[in-house]
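Commentary on secondary and tertiary structure
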Amino acid sequence: METVAEGLWGLADMHEKKGEIGKAVKCLEAVCQSQVSFLPILEIKTRLRIATILLKHSHNLNHAKSHLERAQLLLKSIPSCFELKCRAYSLLSQCYHLVGAIPPQKQILNKALELTASSGDGSSVKLWFCNFNSQLANALIIEGDYQNSISALERGFNCATEICYIELQMFFATSILHVHLMQWDDVNLVERAVNKCNEVWESIEADKREQSLGLLFYNELLHIFYRLRICDYKNAAQHVDKLDAAMKADLQQMQHVQDLSKELDALNQSLSRQDLHYADRSALSEKKTQVQEQLRRVSRFSSSGKESLESAYFGNVKRAWGDKLNLAPPPIDGEWLPKSAVYALIDLMVVIFGRPKGNFKECGKRIQSGLRTIQEELIKLGISDTVREFLENKVAVELTRSEFVEAQEGLVQMRNWFLRFPTILQACESIIEMLRGQYAHSVGCFSEAAFHFIEAAKLTESKSMQAMCQVYAAVSYVCIGDAESSSQAFDLIGPVYRMMDSFVGVREKTSVLFAYGLLLMKQHNLQEARIRLATGLQITHNHLGNLQLVSQYLTILGSLALALHDTGQAREILRSSLTLAKKLYDIPTQIWVLSILTALYQELGERGNEMENSEYQRRKADDLQKRLVDAHSSIHHIELKIEIIEKVRLEVRQLHELDVKRAVAGPSMRVSLDIPESVGLLTPSPAPSSSRLEIGG
């Protein structure tokens, strides 16, 4: 069975190198889930490997934690296996740290330190002792226990000194300085920590310093923060210049590595040709050897360094080599901060020191560089369109379910992100405004909804987005119900209707057919409305898979059938619509359908069905009324209304004056569209959000 396990390990390694993380995990979990028992040691190694992959390549912390806790249980019954036990302790500590479970993290680290205390004085034991003290210091900092954090770091520093590991000494010296800067109780203690960093750094050999670029940046930035704190700008500027030069050199080296890598790829491509002559192949092979040697020389770390005992031995190593500012050679090949964050800090320091000198041109370049770096990093962290799409879909889901207060919270969060990052999230402003319109429409504020939709159209250059916003605004105007609003709806729909076939896809077409059908109904042009709506329904059903929009189409068509006295078709259509509305927990659409069914039963003289239907409609209307009252009384709703007042400088009706009854009314010929997503476009559908929301320029 050991051969089987090794085979699966090898296969997992292959998948991991290809970036196929899911397949790698499945290969390894096949060992753990096998009906045939493997030796405990094989299962332990496998579970540790799974956890390492999950921590390095994903955010699936609970999955990793469960494997580590199981591995730890298995290790309790094995007397030896020091390295495996330490790896399990270290990885489990990282899991607890990432989920914010600091007390259990400290508990597991104290157990790990007890293990090292009883395992002799070997170099591996000492390294693990340093590892656990480093992690313990981080946990203590989170709790604000600076003194014990410094004590843990000092134990690590003393241990690194015992084994003459100078780079590790520097790691702990800078960490101690960092904590002192955070605490700043005694300026003399801070100065002493600064001097210790200088002393250790000067004792590192020149070639080792070149391989410890991350420690250089860490140390120099801490020195700058210290000098700024004591207002020693002259000496601080020297550190800024040193960092700036180091950053530029590193960027040049990275570019050189990329160029060599591209050249190597091209050589490999040429060597793969079957018709290559011997002389050409020989020349290309020699050139490949030269390029590989150049790559080896410029690569900062080689395999000759100390082998890392595990992922993230000291610092975070989740990033790829090009994105990571390694502190030092393994096992200190983690990072203090992401390279991009460090470079943004350096740009900021250059601006801070350059602006008083009048170096505005250089400051302008650095500001743009820093903003660009931050934007790229925020995208990696999900603070960008990814967050926008997540919150956007959250709002859509909550509106569909008439969870208006939760929808408010999502909108406020989106607004706050925009206010916090207005430059980065500028492209999201139109989306936020459009969603605010959807919310206003859902709670019966049709004038405000139309305002938001029109504003959203102004804020985007996307023809598709502009068309969608015009359709939304038109539907809101239809719901207002007066002659002037209907005229405004026609003015908005006409241009979109004429160009609906010019859009890529059918989203705009189905939406405008929906709105145009409503307007035709309002003009009592029932047959023409029926044709347009039937066409829109067929396209929606065949291409969009949007159940809410299908339900709304069916509801209008059922109302039309009743108006045309086709009671059999009306009954069948409305039942289908009600089924979909119930499936979506779409209360307003349910009420809308029920109101039309009540009218149907009245016309057919089905008194029993009419009474039963009316009672069910009343219960649903009461439920919706309560939700609307809660929404209108929420502070978020009031805040959103205030923003409208400030923007257009006009009085908005007070909340208690709103015609909430309109949100639950639905006579067959005065179609009530006061429903979330009145044209259903933001409703969650089986298709991924990225393919559904085609709002790009």
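The shown structure was predicted, so the numbers you read here are calculated from the model rather than taken from an experiment. (Residues numbered from 1 in each chain as written. Predicted model: local features only at pLDDT ≥ 70, side-chain atom pairs only at ≥ 80, totals over all residues. Heavy atoms only, no water.)

1. A closer look at the pattern of salt bridges
- Applying the stated criterion across every chain, the model contains 32 salt bridges.
- Across the pair Asp244 and Arg366 runs a salt bridge, and its minimum N-O distance is 2.9 Å. With Asp244 in helix H13 (residues 233-271) and Arg366 in helix H16 (residues 360-380), this residue pair connects regions lying 122 residues apart in the sequence. An identical accessibility class is assigned to Asp244 and Arg366; each is buried. (Salt bridge = Lys/Arg side-chain N within 4 Å of Asp/Glu carboxyl O. Helix = DSSP H or I, 4+ residues; strand = E, 2+ residues; numbered from the N terminus. Buried < 20%, exposed > 50% of the residue type's maximum accessible area, 1.4 Å probe, protein only.)

2. A short note on the nonpolar core
- One finds Ile44, Leu48, Phe132, Leu168, Leu177, Phe217 and Ile346 to be the most contacted residues of the largest nonpolar core, which totals 96 residues.
- The element contributing the most residues to this core is helix H9 (residues 166-183), with 10 residues.
- Excluding residues that lie within four positions of it along the chain, Phe132 makes contacts with Cys86, Tyr89, Ser90, Leu109, Ala112, Leu113 and Thr116. (Core = buried A, V, L, I, M, F, W, Y, C linked by side-chain atoms within 4.5 Å. Contact = heavy atoms within 4.5 Å.)

3. A short note on the packing of helix H8 (residues 146-162) against H9
- Relative orientation of the contacting elements H8 and H9 amounts to 165°, with a least axis distance of 8 Å. By the angle between their axes, H8 is roughly antiparallel relative to H9. Crossing handedness for the pair H8 and H9: left-handed. Within the contact between the two elements, H8 uses Tyr146, Ser149, Ile150, Leu153, Glu154, Gly156, Phe157, Ala160 and Thr161 and H9 uses Leu168, Gln169, Phe172, Ala173, Ser175, Ile176, Val179, His180, Met182 and Gln183. (Axes fitted to C-alpha atoms, helices over the stretch in contact; angles between N-to-C directions. Parallel < 35°, antiparallel > 145°, perpendicular 65-115°, else oblique. Left-handed = near helix turned anticlockwise from the far one by under 90°.)

4. A look at the confidence of the model for the chain
- Scored by pLDDT, the chain has a mean of 81; 83% of the residues are at 70 or more.
- Counting contacts from residues 301-312, a segment whose pLDDT is below 50, to residues more than four positions away or on other chains yields 29 contacts.
- Here residues 648-697 is modelled with pLDDT under 50, and outside its nearest four sequence neighbours on either side it reaches 151 contacts, counting other chains as well. (pLDDT = per-residue confidence, 0-100.)

5. Brief notes about helix H5 (residues 82-98)
- With 17 residues, H5 extends 24 Å from end C-alpha to end C-alpha; this agrees with the ideal 24 Å at 1.5 Å per step.
- Summarising burial for H5: 14 of the 17 residues are buried, a large majority.
- Immediately beyond the C-terminal end of H5, within one or two residues, lies Gly100, with a positive phi of roughly 80°. (Expected span 1.5 Å × (residues − 1).)

6. Some thoughts on helix H12 (residues 213-229)
- The end-to-end C-alpha distance of H12 is 24 Å, a good match for the 24 Å that 17 residues give at a rise of 1.5 Å each.
- Where burial is concerned, most of H12 is hidden: 14 out of the 17 residues are buried.
- Backbone geometry just after H12 places Cys231 at a positive phi near 60°.

7. Comments concerning the packing of aromatic side chains
- Applying the stated criterion across every chain, the model contains eight aromatic pairs.
- Ring centres of Phe453 and Tyr472 lie 5.0 Å apart, and the angle between their planes is 20°; on these two criteria the pair is classed as stacked. Of this pair, Phe453 sits in helix H20 (residues 446-458) while Tyr472 is found in helix H21 (residues 463-480), placing the two residues 19 residues apart along the sequence. Of the two residues examined, Phe453 and Tyr472, each falls in the buried class.
- Residue placement shows Arg229 over the ring face of Trp184; its charged tip is 4.4 Å from the ring centre. (Phe/Tyr/Trp six-rings, centres within 6.5 Å; stacked < 30°, edge-to-face > 60°. Lys NZ or Arg CZ within 6 Å of the ring centre and 35° of its normal.)

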